[in-house]
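Chain by chain, the residues:
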Amino acid sequence: MPVPCPPPDAVVHRRALLALALWSAAAALPVAEGYARAADAPGLLSATFVRVAAGAQVLAACIAVALVLLPLTLAAAARAALRVAAPVAFASLHLALQVDRKVYALFHFHVNRMVVDLLLTPGGLASLELTRKDVTLAAAACAAALGLAAAAHAALLRRAARRPHDGAERIAWRRALAATLALLVADRGVYAAADVAARSDVARAATAVPAYGPLPVRQLWRVLTGAGGAHHPLDLLDRSRPGVGEPRYPLAPLRFRAGAPTPPIVWIVLESWRADALDDETTPVIARFARESTWFRRHASGGNSTGFGVFSMFYGIHGVYLDAFAAARQPPALLAALRARGYAFGVFSSAVLTYPALRSTVFAEVPGSIADAFEGDGAMRDRAAAAAAIAFARERASGTAPFLLALFLDSSHAPYAFPPGDAPFAPYAPNLAVAEMGSTAPVLMRNRYRNALRYEDRLVGEVLAALGPRAGEAIVVITGDHGEAFGEGGHWFHNSGFGEEQWHVPLVLRIPGRGPGVRDDLTRHVDLAPTLVEVLGGEDPAADRALGRSLLEPPEHGRHAVVCGWAACAIIEDDDTTTVFANGIDESTRLTAHGPRYEPRDPSAAPRLLMGILDEMRRFVR
């Protein structure tokens, strides 16, 4: 009986590498199931599709890593390096999938350019306020993943060395590649068929699958068959690149009538302030001020995250322009005009304004007026920022020179900071690690959030009091950059969806000479800049520099708002229908519609508004 021939070392490593890829894919199946559970997949077809697609993507990623490493099996020196490279590569892939799954579960988008910007932009990582527990958990996860991958690889190498050399590893590689390709073709086939049939449930489910971009089958189908008509809403998105280009803004210079007033302006923005958190318990000082001012009770931010929300309120245009304007360092027409009219600026923020890019957009012309380098947790930084704002106001309280005081408070951003012992709302969640967010009872998170807002409310009162005798002549704006979700529809925090809890924010507006009032019609952040221009005596049409209308005009029902995020924008209609569409930043988002509780609605009526909104998103770029 012939003695089996031991396999060459290269064959052993090829066998072990493929086995490690398949082992890693199997180990990552719970991650794939996590994507599926987080997906919006109500029907049998979409639920089956998302599981097959997520599994196929995981398998394809593991096979791709193995193919990249395969050349290292050819030379002895390279094979020595492979013993380290293979465990590191597969452990890194597994960790990346775990992080991406957690990001998607919380925010309903994948690790994308926004996340990369957050990590690379100065101040971005600090905005996460990582705790020691976060660092410890991350280090432990890295060590465990690397240890398991190294142990598995070593065991698979020993096993591969014991098997005779019979050429079976080549067949195994071919079968693995064929199975991977078959799964990818199958799930893409289902997606393509659903896309042609305009099955929005499958399109929504596909957004949960990592690195699963839209396929061009529908466009080709419509070209070949003429189906869908010239103004099918999906065709509008295919042709659109909203907000991309060189700024063409404003369309005409902003001019003011002779003798126009130059009152002080106080603009206060509370982080993540949702509309139902303006009440006598949570924010008593601001609630009292609201009853003495105009209280806009159905007000929409222009974004579900800070950059888009703040951009829209100061410029009066949609947040989708943010990147183009940041690249060109294009300031808002309103602030440029105030500077030309002799306004002094004091900009105070407890979060650094490099992330999001407010230093290179809203405040690009006044970098020396910005104070945002404060130390400590959110509560300590808020106290320091408010103290600086109070000093600025007091210096000008007895004078007549015009000024703009802008204050951004950050305590109400997760993990929601407030001074020890200053917690009227209990029980509340302990100081959370980022890894624990989204797994704590919503009521405990909400109470912690309300404690942070109560602290900010007190600081706002102190800043307003510092205006002294000039308080009566000042224009005062108090609002939120965006809202905050606590599990509604499976969404958490902000930048994770377009439910009302993420876009509906308070707006309190005090204009000298105007009495108190309440507005319940839909108003928007893009209306703020045109309003201030009118109060300050602007003469030119608002359309030259803004997409909103003055809030001094009579209420107009049947209006809509546009809310932008990193992956999509949304149209909010008066009946609470929310139509979500790709914004050109992330093309993976398809046209979908839902109600206030994320219940699906028909997006087929979208062209009525979408054509005009896409034109608006191209008006100020060339």
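Residues numbered from 1 in each chain as written. Predicted model: local features only at pLDDT ≥ 70, side-chain atom pairs only at ≥ 80, totals over all residues. Heavy atoms only, no water.

Attention now moves to the overall build of the protein chain. Each helix and strand in the protein chain was counted, giving 19 helices and 16 strands. Sorting the 622 residues of the protein chain into buried and exposed places 54% on the buried side. Sequence separation of at least 24 residues holds for 76% of the intrachain contacts in the protein chain that already meet a minimum separation of 6. On the protein chain, roughly 24,900 Å² of surface is accessible, and the fraction owed to carbon and sulfur atoms is 62%. (Helix = DSSP H or I, 4+ residues; strand = E, 2+ residues; numbered from the N terminus. Buried < 20%, exposed > 50% of the residue type's maximum accessible area, 1.4 Å probe, protein only. Contact = heavy atoms within 4.5 Å. Areas by Shrake-Rupley, 256 points an atom, 1.4 Å probe, with all protein chains shown as cover.)

This next bit is on the packing of helix α2 (residues 29-38) against helix α4 (residues 76-107). Contact geometry of α2 with α4 gives a least axis separation of 10 Å together with a crossing angle of 15°. Here α4 runs roughly parallel to α2, going by the angle between their axes. The crossing of α2 and α4 is left-handed. Contact residues: V31, G34, Y35 and A38 in α2; H94, L97, Q98, D100, R101, Y104 and A105 in α4. Of the residues assigned to the contact of α2 with α4, the class counts are six nonpolar, three polar and two charged. (Axes fitted to C-alpha atoms, helices over the stretch in contact; angles between N-to-C directions. Parallel < 35°, antiparallel > 145°, perpendicular 65-115°, else oblique. Left-handed = near helix turned anticlockwise from the far one by under 90°. Nonpolar A, V, L, I, M, F, W, Y, C, P; charged D, E, K, R; others polar.)

Time to look at the side chain of H594. Positionally, H594 belongs in strand β15 (residues 592-594). We classify H594 as buried; its relative accessible area is 9%.

Another aspect to go through is the environment of T48. By the secondary structure assignment, T48 is in helix α3 (residues 44-69). For T48, a relative accessible area of 41% corresponds to the partly exposed category. In sequence terms T48 and D187 are 139 residues apart; their C-alpha atoms lie 9.6 Å from each other. Separated by 2.8 Å, the side chain of T48 and the backbone oxygen of L44 make a polar contact. (Polar contact = N/O pair within 3.5 Å; in protein donor to acceptor, adjacent residues only side chain to side chain.)

What follows covers the side chain of H504. Along the chain, H504 falls in strand β9 (residues 504-510). There is a polar contact of 2.8 Å between the side chain of H504 and the backbone oxygen of R297. The residues touching H504, leaving out its near neighbours within four places in the chain, are W273, R274, A275, R297, R298 and H299.

On to the pattern of salt bridges, then. Pairs can form between side chains of opposite charge once their charged atoms are near each other. One pass over the structure, following the stated rule, counts 31 salt bridges. Between E246 and R622 there is a salt bridge, with the nearest N and O atoms lying 3.5 Å from each other. Of the two residues, E246 sits in the loop between α10 (233-238) and β1 (265-270) while R622 sits in the segment after α19 (607-616), which places them 376 residues apart along the sequence. A relative accessible area of 58% places R622 in the exposed class. Between D615 and R618 there is a salt bridge whose closest N-O contact spans 3.2 Å. (Salt bridge = Lys/Arg side-chain N within 4 Å of Asp/Glu carboxyl O.)

What follows is about the state of the cysteines. A complete count under the given rule lists one disulfide for this structure. Paired by a disulfide, C564 and C569 hold their sulfur atoms 2.3 Å apart. Taking the torsion about the sulfur-sulfur bond, which here is approximately 100°, the covalent link between C564 and C569 counts as right-handed. As far as burial versus exposure is concerned, C564 and C569 are alike and both buried. (Disulfide = S-S within 2.5 Å.)

Further remarks concern the packing of aromatic side chains. Applying the stated criterion across every chain, the model contains 22 aromatic pairs. Here F418 and Y428 contribute two aromatic rings whose centre-to-centre distance is 5.3 Å and whose plane-to-plane angle is 80°, an arrangement assigned as edge-to-face. Pair noted here: F418 is in the loop between β5 (403-409) and α16 (442-465) and Y428 is in the loop between β5 and α16, with a separation of 10 residues, a long-range link. For the pair W492 and F493, a centre-to-centre distance of 6.0 Å together with 45° between the ring planes defines the contact as tilted. The pair W492 / F493 is uniform in exposure class, with both members buried. One aromatic cluster is present, formed by Y249, F311, Y315, Y321, F325 and F620 through successive ring pairs. Over the ring of F392 we find R396, and its NZ or CZ is 3.7 Å from the ring centre. Across from the ring centre of F425, 3.9 Å away, lies the NZ or CZ of R450, which sits over that ring. (Phe/Tyr/Trp six-rings, centres within 6.5 Å; stacked < 30°, edge-to-face > 60°. Lys NZ or Arg CZ within 6 Å of the ring centre and 35° of its normal.)

Here we take up the nonpolar core. Soluble globular proteins tend to bury their nonpolar side chains together. Core analysis: the largest hydrophobic core is formed by 64 residues, its most contacted members being W267, F314 and F363. If one sorts the elements of this core by residue count, helix α12 (residues 306-315) sits on top with six residues. Residues in contact with F314, not counting those within four places in the same chain, are W267, P332, L334, L335, V362, F363, F408 and A529. Counting 48 residues, the second-largest nonpolar core is a separate cluster that includes A287, F392, M445 and V463. (Core = buried A, V, L, I, M, F, W, Y, C linked by side-chain atoms within 4.5 Å.)

The next subject is the pairing of strand β6 (residues 475-480). Most of β6 is tucked away, with six of its six residues classed as buried. The side-chain alternation of β6 yields two buried faces, one formed by I475, V477 and T479 and the other by V476, I478 and G480. Across six bridges, β1 lies against β6 in parallel orientation. Among the inter-strand pairings, W267 is bridged to a residue of β6, identified as V477. When β6 meets β9, the two strands line up antiparallel, connected through four bridges. Looking at the pairing, V477 lines up with L509 of β9. (Pairing = 2+ DSSP bridges.)

Along a regular strand, successive side chains alternate from one face of the sheet to the other. Among the six residues that make up strand β13 (residues 568-573), six are buried, leaving the element largely enclosed by the rest of the structure. Going residue by residue along β13, you find A568, A570 and I572 tucked away on one face and C569, I571 and E573 tucked away on the opposite face as well. By the bridge criterion, five bridges tie strand β12 (residues 560-564) to β13 in an arrangement that is antiparallel. For V562, the partnering residue across the bridge sits in β13 and is I571. If you look at the hairpin formed by β12 and β13, you'll find three residues sitting between the two strands.

Counted at 1.5 Å a residue, the expected span for helix α7 (residues 168-196) with its 29 residues is 42 Å, and the 42 Å between its end C-alpha atoms agrees. What α7 keeps buried is the set E169, W173, A176, T180, D187, Y191, A192, A194 and D195. (Expected span 1.5 Å × (residues − 1).)

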